[in-house]
Amino acid sequence: MVIVMASRKQEDIDYVVGKIEELGYKAHLIVGTNRTVIAAVGDERGKFRLQSLESLPHVEKVLPILQPFKLAGREAHEEDTRVRVGPVTIGGGRFCVIAGPCSVESRQQIIETAHAVKQAGATILRGGAYKPRTSPYAFQGLEEEGLRLLKEACAETRMPFVTEVMTCGQVDLVAESADMLQIGARNMQNFSLLKKVGRTGKPVLLKRGMMSTINEFLMSAEYILSEGGRDVVLCERGIRTFETETRNTLDLSAVPLLKKLSHLPVFVDPSHATGHWDLVTPMAKASVVSGADGLLIEVHPRPEEAFSDGAQSLKPARFLQLMKEIEPLVHLAGKTL
Ligand code: PEP
Ligand code: MN
């Protein structure tokens, strides 16, 4: 249920929050420019008791939230959410590009890439320290050393970074150094991981599972938000279809659909969606036009030597070209780079 407040005074809000909690619900405050609402989330069976809050003097009305994703949906939260990652704002008319290698491989590789992507206009560095690989014999990531190198590269280039966290046991360590936590496609429905990450309060880049529906994707965001996380960015990265020429099939219709259903920013990762470097720029351009709030792009100084995902990684010069090509489209979409 959503409790629409008639008053914006903190003491009135606190009073209503107290009443909601007394009834056994979690209260999530949503402060908009026009109104303040409180989403009361919990056992659906008690909704009639929540309805009685309408009799309180500072409550305008109590309405049901029909969408199953109560906190991720637009019903109770009309305005677009802006997510802050260090000094960078995602959403709200800014177009943001996150770039970097698939995996952190060495000090030289990550620092070189960080400088190159920053110079080209990316504002957040990416790089995997813990890698979810299909084969147990493939490179698994530099782990703690990878986190240390990401930190060093970011200190040198004054950029925040996002990196994947794969298990609950890694969350505290990764959250200590990373500015944003990535939940990979393979972990999109690892509910205990989603809850643990939600409790850190860190911004989260949530990737769509390769076999997940839009509804399941938003329910995963809901897990993070229901634990108190506020800053979730959704990332479409392609889904499994019968097509084998591309690594995945980029579901671009997910972008306007997610923007319609949810207030959360939406990114596209054309690197994992296509699996081929020469398809990355065309799909990046299409993503901008479809209304995305940003892109996640894999960049490697020498893709032929990459430990993972070399075939889909752009060389720095090609990444710079991508940034030039998307610029007019970003403006066309009414956003700023
Ligand atoms: C990645 O971003 O490096 C990655 C592993 O992506 P995904 O989880 O989308 O496959
Ligand atoms: Mn990758």
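Residues numbered from 1 in each chain as written. Chains lettered and ligands numbered in written order. Predicted model: local features only at pLDDT ≥ 70, side-chain atom pairs only at ≥ 80, totals over all residues. Heavy atoms only, no water.

A. Structural view of the coordination of the manganese ion (ligand 2). Protein ligation of the manganese ion (ligand 2) involves Cys102 (SG), His272 (NE2), Glu298 (OE) and Asp309 (OD), the donor distances falling in the range 2.0 to 2.4 Å. For His272, a relative accessible area of 8% gives the class buried. (Donors = N, O, S within 2.8 Å, 3.2 Å for Na, K, Ca; no water. Buried < 20%, exposed > 50% of the residue type's maximum accessible area, 1.4 Å probe, protein only.)

B. Main features of the packing of aromatic side chains. Scanning all chains against the criterion turns up two aromatic pairs. Plain terms: the ring middles of Phe139 and Phe307 are 4.9 Å apart, the flat faces sit at 80° to each other, and that makes the pair edge-to-face. One end of the pair, Phe139, is in the loop between β8 (124-126) and α4 (144-157); the other, Phe307, is in the loop between β14 (294-298) and α11 (316-332), with 168 residues separating them in the sequence. In this structure Phe139 comes out as partly exposed when scored by relative accessible area, which is 22%. Judged by centre distance (4.5 Å) and plane angle (25°), the rings of Phe191 and Tyr223 are stacked. Separated by 32 residues along the polypeptide, Phe191 in helix α6 (residues 191-200) and Tyr223 in helix α7 (residues 214-226) bring together distant segments of the chain. You can call Tyr223 partly exposed: its relative accessible area is 29%. (Phe/Tyr/Trp six-rings, centres within 6.5 Å; stacked < 30°, edge-to-face > 60°. Helix = DSSP H or I, 4+ residues; strand = E, 2+ residues; numbered from the N terminus.)

C. Structural view of the layout of surface pockets. Volume-wise, the largest pocket comes out at about 510 Å³. The dominant element in the lining of the largest pocket, judged by the number of residues it contributes, is strand β2 (residues 26-31), at four residues. Partitioning the lining of the largest pocket into residue classes produces seven nonpolar, eight polar and seven charged. Built from parts of two domains, the lining of the largest pocket gets at least three residues from each of domain 1 (2-63) and domain 2 (83-332). The calculated volume of the second largest pocket comes to roughly 240 Å³. Per-class residue counts for the lining of the second largest pocket are three nonpolar, five polar and nine charged. (1 Å grid on protein atoms, 1.4 Å probe; cavity = no way out; pocket = protein on both sides within 12 Å on 5 of 7 lines; lining within 4 Å. Points joined across faces, edges and corners; volume = space filled by probe spheres on them. Nonpolar A, V, L, I, M, F, W, Y, C, P; charged D, E, K, R; others polar. Domains from an automatic or database assignment.)

D. Examining the site of ligand 1 more closely. Within the structure, ligand 1 sits among Cys102, Arg126, Lys131, Glu164, Gln182, Gly184, Ala185, Arg186, Lys207, Arg237, His272 and Glu298. Side-chain polar atom of Lys131 to an oxygen atom of ligand 1: 3.0 Å apart, as the coordinates give it. One of the side-chain N or O atoms of Lys207 is found 2.9 Å from an oxygen atom in ligand 1. Summarising the interface, the protein chains cover 97% of the accessible area of ligand 1, which totals 300 Å² for the free molecule. Partitioned by chemical class, the residues of the shell around ligand 1 number two nonpolar, three polar and seven charged. (Near = heavy atom within 4 Å. Polar contact = N/O pair within 3.5 Å; in protein donor to acceptor, adjacent residues only side chain to side chain. Areas by Shrake-Rupley, 256 points an atom, 1.4 Å probe, with all protein chains shown as cover.)

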